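# Analysis of the macromolecular model
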Amino acid sequence: MIKVLFFAQLRESLNCAELRIDLNDPKFASTLKSAFTLEQLREQLANTDDTWQLNMQNGKLLMAVNQTIVNGEHILQDGDEVAFFPPVTGG
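Below you will find a few notes about this structure. (Residues numbered from 1 in each chain as written. Predicted model: local features only at pLDDT ≥ 70, side-chain atom pairs only at ≥ 80, totals over all residues. Heavy atoms only, no water.)

### What about the overall build of the protein?
Each helix and strand in the protein was counted, giving 4 helices and 5 strands. Written out in order from the N terminus, the α and β elements of the protein read β-α-β-α-α-α-β-β-β. Across the 91 residues in the protein, those meeting the buried criterion constitute 37%. The contacts of the protein with a sequence gap of at least 6 include a subset with a gap of at least 24, amounting to 51%. In the structure as shown, the protein presents an accessible area of about 5600 Å², 47% of it carried by carbon and sulfur atoms. (Helix = DSSP H or I, 4+ residues; strand = E, 2+ residues; numbered from the N terminus. Buried < 20%, exposed > 50% of the residue type's maximum accessible area, 1.4 Å probe, protein only. Contact = heavy atoms within 4.5 Å. Areas by Shrake-Rupley, 256 points an atom, 1.4 Å probe, with all protein chains shown as cover.)

### Quick look at the pairing of strand β1 (residues 2-6)
Within β1, 4 of the 5 residues are buried, which leaves it mostly tucked inside the rest of the structure. Pairing analysis gives 4 bridges linking β1 to strand β2 (residues 18-21), with the strands arranged antiparallel. For V4, the partnering residue across the bridge sits in β2 and is L19. Both β1 and strand β5 (residues 81-85) contribute to a ladder of 4 bridges, which runs parallel. Looking at β5, one finds that F6 is bridged to F84. (Pairing = 2+ DSSP bridges.)

### Focus: the side chain of T37
Mapping T37 onto the fold places it in the loop between α2 (26-29) and α3 (38-46). Not counting residues up to four positions away in its chain, the partners in contact with T37 are G72, E73, H74, I75 and L76.

### A few points about unusual backbone geometry
Positive phi outside glycine occurs at A8, with the angle close to 55 degrees. By secondary structure assignment, the location of A8 is in helix α1 (residues 8-14). Here the phi dihedral of N15 falls at roughly 55 degrees; this positive angle occurs in a residue that is not glycine. Note on placement: N15 falls in the loop between α1 and β2. According to the relative accessible area criterion, N15 is exposed, its value standing at 72%.

### Brief notes about the packing of aromatic side chains
Considering all chains together, one arrives at 3 aromatic pairs under this definition. Judged by centre distance (5.4 Å) and plane angle (85 degrees), the rings of F6 and W52 are edge-to-face. Within this pair, whereas F6 is found in strand β1, its partner W52 is found in helix α4 (residues 50-55), the two being separated by 46 residues in sequence. Like W52, F6 is buried. Pairing F6 with F84 gives two aromatic rings, centres 5.9 Å apart and planes at 15 degrees, and the pair type is stacked. With F6 in strand β1 and F84 in strand β5, the pair connects residues that are 78 residues apart, well separated along the chain. (Phe/Tyr/Trp six-rings, centres within 6.5 Å; stacked < 30°, edge-to-face > 60°.)

Printed below as a string of structure tokens:
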């Protein structure tokens, strides 16, 4: 089981703050070869519906696993905490 968190405008747009995903679920297990990457998770979530597709577009998100920014090739493990959030600007 992994915990997936959504932050800031992304959370509001998706109307979702958190998901729990079982990597053994057939929806995910059917795409597994030897490992399941963060990018594969992002793609699965984007395929939920049009709202998710728009908000989960590649290149529009920062992604972290266990509170460390990582790229999409990061291999997910049972017990990981994944976070998606929009890029932040400051001044």
